[in-house]
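Breakdown of the fold
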Amino acid sequence: MDTKKMAIKLMSAWIAIYVIAGITALLFEYGPLKGVAVTDVKTVYVLEVIGVLASLALIPLALRGFKRMVDRMADKEYPEEKIGHIYMVCSLLRLGAFFLVIEFGVILYYILNDTIGLYIAVIGAICSLFTIPTKAGIEHETGCF
């Protein structure tokens, strides 16, 4: 696959993360989810713990784990087509991890009425800025094309 096409597809997925998070926020602010809240103290605590642990697990995995996968792939002598396919799958998994963190943070912010969800979403969003897919970045990370 051409790196330009790959970069466009990955950038579209990256932007979709924020569009979906924005739509979710609008649904909670003005739509059918307005006023939805969890008030049980135990449930709030469990959701907060799940949110924090998910962000602590997924963000390093998306940043560091992806880098290790790409480095291993570059060390082996794969054909460029296979490298491109593996890179695309791994990139989508990485973006999926950021999507889960950001979306879960937005949802937590609204259903718990607490800022911990906002913190989780903002940390996920800031970390995802380090993964903006570009043509030059793809060429640099894969070492081919």
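Everything here concerns the structure above.
Just so it is clear, the model here is predicted, and its values are computed rather than measured.

So, on to the side chain of Ser55. Mapped onto the elements of the fold, Ser55 is located in helix H2 (residues 41-75). Note on Ser55: relative accessible area 13%, which makes it buried. Each residue touching Ser55, except ones within four places of it in the same chain, is listed here: Pro60, Val101 and Ile120.

Next up on the list: the nonpolar core. Met6, Leu10, Tyr87, Phe98, Val106, Leu112 and Ile138 are the most contacted members of the largest nonpolar core, which totals 34 residues. Taken together, the elements giving at least two residues each to this core come down to helix H1 (3-29), H2, helix H3 (80-112) and helix H4 (115-128).

Counting across every chain of the model gives four aromatic pairs. Ring plane angle 65 degrees and centroid distance 5.1 Å describe the contact between Trp14 and Tyr18, whose orientation is recorded as edge-to-face. Placement of both Trp14 and Tyr18 in helix H1 is noted, with a separation of four residues, approximately one turn of the helix. Between Tyr109 and Tyr110, the aromatic rings sit 5.0 Å apart at their centres with planes inclined by 75 degrees, giving edge-to-face as the arrangement. Clustering of aromatic rings is evident, with ring pairs tying together Phe28, Tyr109 and Tyr110. For the cation-ring pair, Arg94 lies above Phe66, with the distance from its terminal atom to the ring centre recorded as 3.6 Å.

The rules we used
Residues numbered from 1 in each chain as written. Predicted model: local features only at pLDDT ≥ 70, side-chain atom pairs only at ≥ 80, totals over all residues. Heavy atoms only, no water. Helix = DSSP H or I, 4+ residues; strand = E, 2+ residues; numbered from the N terminus. Buried < 20%, exposed > 50% of the residue type's maximum accessible area, 1.4 Å probe, protein only. Contact = heavy atoms within 4.5 Å. Core = buried A, V, L, I, M, F, W, Y, C linked by side-chain atoms within 4.5 Å. Phe/Tyr/Trp six-rings, centres within 6.5 Å; stacked < 30°, edge-to-face > 60°. Lys NZ or Arg CZ within 6 Å of the ring centre and 35° of its normal.

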